[in-house]
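# Topology and contacts: notes
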Amino acid sequence: MFKKVSTVFILGLCTVFSAQQIRPSKSSEIYREIKTLKHLPKVLYLAAHPDDENTGLLSWLINGQNVETGYLSLTRGDGGQNLLGTEQGAALGLIRTHELLEARKLDGAQQFFTRAIDFGFSKNTTDTFKQWDADSITADVVWVIRQFRPDVIICRFPPTAAAGHGQHATSAVVAEKAFKLAGDKNAFPDQLKYVNVWQPKRVLWNTFRFGNNNTTAENQLKVTVGQYDAQLGMGYGELAGLSRSLHKSQGAGTQSVAGIKTEYFAHVAGEAAKSTLFDGVVKTWTSNGNADIDQSLDKIISDFNFNEPDHSLPALLALRKKVLALKDSDLKKDKIKSLDNIILSCAGFMGEVVTNQAEAVAGDHYNFRLNLISRAANFVVLEDVKWLSQSENFNRKLSKDSLITIQHDIQIPADAALTEPYWLTKPAKDAATFSVPNDTLVGLPEAESPLNVLLNLKIGSEKFQVKLPLSFKKLDPVRGDVVEALRIVPALELKFTQPLYLVKENEDLHLSLNFKVNSNKQFNNGKINLLYNGERLGGGDLKSINGKDFTVDYVIPKAKLASIKSNQLQLDANFVADGVTYNKKQVLIQYPHLPSLQYFTPANVVVMKGDIQTKVKKVGYVQGAGDFIPEFLRIAGIQVDVLKDEDFYGNLDESGGSQNKLSQYDAIVLGVRANNTEKKLGRWMPFLWSYVKAGGNLVMQYNTNQDTTVNQLGMYNFSIANKRVTEENAEVKFLNPNHKLLNFPNKITADDFKGWVQERGAYFPNQWDAAYEPLFEMHDTNEEPLRGSTLYAQYGKGNFIYTPLAFFRQLPAGNVGAARLFLNFLSAQKN
């Protein structure tokens, strides 16, 4: 680890800034940042996932104690569930990364990650370390500790079963191990080319009371948090609720609770704390031998003018000279970055480099606008600008409150990399560890933009270098100004028009390939290739492309498909023109609470092939959380109608039969967590029961007990528990192999449970009425057998099936066995 040369340099006495847009902080925020500059301690909070952090404690540490605080999440939450859309895996991890960053903008903490991939729920540390490499993840945590240099590390979880999740417990194990190694020069010595060893003072466990699980005790260290902060206009608990509620993909909306509360801490390692979190820690500049800096900060704080923060500039610039004279290079580097941000904010400086294009292609030219303004009475001088590859001298004073705009044509470098998260630029090292192109990126939530305009500024006698990334700016009619990173895309993208294809035995495969043209360049004498395991199955020639998007249809004959024995195959597509191969597919994620997010995958598609039968033609669907299944059913040739209020209302006849629109459907499916997300379900359930009683077929996917709409989901009672089978290859026992759901229209065997991903299922019922018949028995290693993965009951003339099996993961992955089983469930009434 850490064998590549760092690409980030600070030249001379200039400090480099990086942000999408440089904007001044509000006066209350500047004031807090100055007070934080006065305090030397740092805290690193450590847990396993986005939304594991105690935002109430973070808010208090940063805003109440003015202590620089970071949150290290071992993973990006890739294995979680998604209430917003169909994104899973890497796409969900990207969403959750940026939800964390939005939360940090509110509470003020810094954010860090390791390379660990969230592979889903695990039950203990043994299971977790079967997936995660202990040395690799420990090295990453040591690296973050050596870079951030915290005095106190606080774990959210213990290393025991009380953590409630194997990855939670593992975060505590790794934290203690990394704490002991971070100060050892013999541990991960390659890191020492870039950082020095660092020994925190202690590790604490922030104990908790979650439901009936109470790990707090009165003999533990206690801290009072949640106090009201007049500059925030709320208490720290209220701020925490707002911050945590930004985890929208997880449905983590949290109350903003006013009033004080007690946080408890148990000692884990290092020097025990007796009265405060920071016992024995150097807290002030005076204690560090720099009383003059303390005195300067005291004066700046007492004289701070909230209406005219630029009055603090002379004192801040004088303080900057003192900080630059520090002998401790790590402390100097750390504090000068914070101080320079404060100085730019006090100057009221705003800078951006924007274009009207959201996307750009390497080698092409675009018109950009450099917008600059300063609100300081003391002049800020723009000395020169480096436009990527060329410099231009200005030596221009920025008049107070006067916006200047400089137009400039910029050519995107021909070798500019595509815009995507650094941890997704290379295939993952394995199923549990991301690969990164440069080891020094480890820990960062995202890499800084490589495409920047550099400004050399002069404020007073001090020089500053400000880095402005190339950005896209538009006026949105709802959101107003939107400023986002300029996204570099390929000149040509390929994408199959369906996310997967399904072809039955002895049928040709019909597919379509979309070409998205992003550049005006000419593509001549091109060749399209459709490949399986490197072997060309089809394609064609294109003499030229005229700059417009287009779609090409292909047929792969059944004879070629028959020669491929696998029932699941991946087809790859590429286009070769003028010696250049184009084979990238854009994944673009856009939600109102996040910036546009982008990454690229190979242009491929999964084809499900084999004996896949269905007897249904028309299905009604109650939309749940992000769920791919309606799209899968449409690909399978089934009409899917997403049900709305008007579909349910009608009269019940004397026998209780439904007279509404539901009777037209061969089956009705409730999406994942529909009882948690669809608030009209309480009105709809009586109609659904009547539909079943009259001869309908109702298939309900998994739900949780959190924020439920309906207390009784089935016609007969059953109770949902946090029971799950996390081993995706766990043996499945058929309790009644002759059951109609296992034999029509597809004969289900053990082979249909092969190749499942991440898990068998979650939130299995643990109690149910005798009217239900369980179909399967399964369990994780060394655990009791579970029979709640699928429950079947007859009701009147119809069928009700409750199945928390993870079809929402298996069908997007193209698992043929899972598809056959799910189609059997839909076909129950046809048998």
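What comes next concerns the included structure. (Residues numbered from 1 in each chain as written. Predicted model: local features only at pLDDT ≥ 70, side-chain atom pairs only at ≥ 80, totals over all residues. Heavy atoms only, no water.)

### Some words on unusual backbone geometry
Note the cut-off: Runs of E in the DSSP output that reach at least two residues are strands. Runs of H or I that reach at least four are helices, and both are numbered from the N terminus. The rule is simple: take the accessible area with a 1.4 Å probe, protein chains only, and divide by the maximum for that residue type; under 20% is buried, over 50% is exposed, in between is partly exposed.
Along the chain, Phe744 connects to Pro745 via a cis peptide bond; the corresponding omega equals -5 degrees. Among the structural elements, Pro745 can be located in the loop between strand 39 (732-734) and strand 40 (761-768). Notably, Asn395 is not glycine yet its phi reads approximately 45 degrees, a positive angle. Its location among the elements puts Asn395 in strand 17 (residues 390-398). Exposure remark for Asn395: the relative accessible area of 60% places this residue in the exposed category. Located in the positive-phi region is Asp707, a residue other than glycine, with phi close to 55 degrees. Mapping Asp707 onto the fold places it in the loop between strand 37 (697-701) and strand 38 (718-725). Accessibility expressed as a relative area gives 52% for Asp707, which makes it exposed.

### Quick word on the nonpolar core
Here is the rule: Put simply, buried Ala, Val, Leu, Ile, Met, Phe, Trp, Tyr and Cys residues joined by side-chain atoms within 4.5 Å make one nonpolar core. Any two residues whose heavy atoms approach within 4.5 Å at even a single point are treated as in contact.
Counting residues in each nonpolar core, the largest one holds 92 residues, and the members touching the most others are Leu455, Leu470, Leu571 and Phe575. In terms of residue count, helix 10 (residues 329-346) provides more of this core than any other element does, seven residues in total. Those residues in contact with Leu455 that lie beyond four places of it in its chain are Phe349, Leu370, Leu372, Leu382, Asp384, Val385, Phe464, Gln465, Val466 and Leu468. If you look at the next biggest cluster of nonpolar residues, it comprises 46 residues, including Leu500, Ile629, Leu742 and Val816.

### What to know about the sheet that holds strand 6 (residues 202-207)
Put simply, the rule is: DSSP-based pairing: two strands are paired if at least 2 bridges between them are found. Fitted lines through C-alpha atoms serve as axes, helices being fitted only where they are in contact, and the angles separating the N-to-C directions of these axes extend from 0 to 180 degrees.
Ordered by their spatial adjacency, seven strands build an open sheet running 4-3-2-5-6-12-9, and the pairing between neighbours is mixed. Looking at the sheet topology across the chains shown, the edges are occupied by strand 4 (110-113) and strand 9 (221-225). When strand polarity is set aside, the average angle formed by the axes of neighbouring strands in this sheet is 30 degrees. Examined bridge by bridge, strand 3 (residues 68-73) and strand 4 share four bridges and lie parallel to one another. Counted as the bridge partner of Gly70 is Gln110 from strand 4.

### Details of the packing of aromatic side chains
For the record, the criterion: A pair of Phe, Tyr and Trp rings is counted when the ring centres sit within 6.5 Å of each other, with Trp represented by its six-membered ring. The angle between the planes then sorts it: under 30 degrees is stacked, over 60 is edge-to-face, the rest tilted. Two conditions define a charge sitting above a ring: the NZ of Lys or the CZ of Arg must be within 6 Å of the ring centre, and it must be within 35 degrees of the ring normal.
All told, the structure shown has 33 aromatic pairs when counted by the stated rule. Here Phe753 and Phe776 contribute two aromatic rings whose centre-to-centre distance is 5.3 Å and whose plane-to-plane angle is 75 degrees, an arrangement assigned as edge-to-face. Taken together, the residues Phe753 in the loop between strand 39 and strand 40 and Phe776 in strand 42 (residues 776-778) connect sequence positions 23 residues apart. Judged by relative accessible area, which is 4%, Phe753 ranks as buried. Three or more aromatic residues link up through ring pairs in this structure, and these residues are Phe734, Phe753, Trp756, Phe776, Phe807, Phe822 and Phe825. For Arg76, the ring lying beneath its charged end belongs to Phe113, and the centroid distance is 4.2 Å. Arg724 extends its terminal NZ or CZ atom over the ring of Phe121, reaching a point 4.0 Å from the ring centre.

### Observations regarding the sheet that holds strand 23 (residues 492-496)
Read from one edge to the other, the open sheet built from three strands follows the order 23-25-28, with strand pairing classed as antiparallel. Both edges of this open sheet fall to strand 23 and strand 28 (550-556), since each of them pairs with a single strand only. Strand-to-strand twist of the sheet, defined as the mean angle between neighbouring strand axes without regard to direction, takes the value 25 degrees. Alignment of strand 25 (residues 509-517) against strand 28, held across seven bridges, turns out to be antiparallel. Within strand 28, the position partnered with Phe515 by the bridge is Phe550.

### Examining the pattern of salt bridges
Using the following cut-off: Put simply, a salt bridge is a Lys or Arg side-chain nitrogen that is within 4 Å of an Asp or Glu carboxyl oxygen.
One pass over the structure, following the stated rule, counts 40 salt bridges. A salt bridge links Asp401 to Arg375, with the nearest nitrogen and oxygen atoms 3.5 Å apart. Placement of the pair is Asp401 in the loop between strand 17 and strand 18 (404-411) and Arg375 in the loop between strand 15 (365-373) and strand 16 (380-387), with a sequence separation of 26 residues. When the shortest N-O distance is used, the salt bridge between Glu777 and Arg787 registers 2.8 Å.

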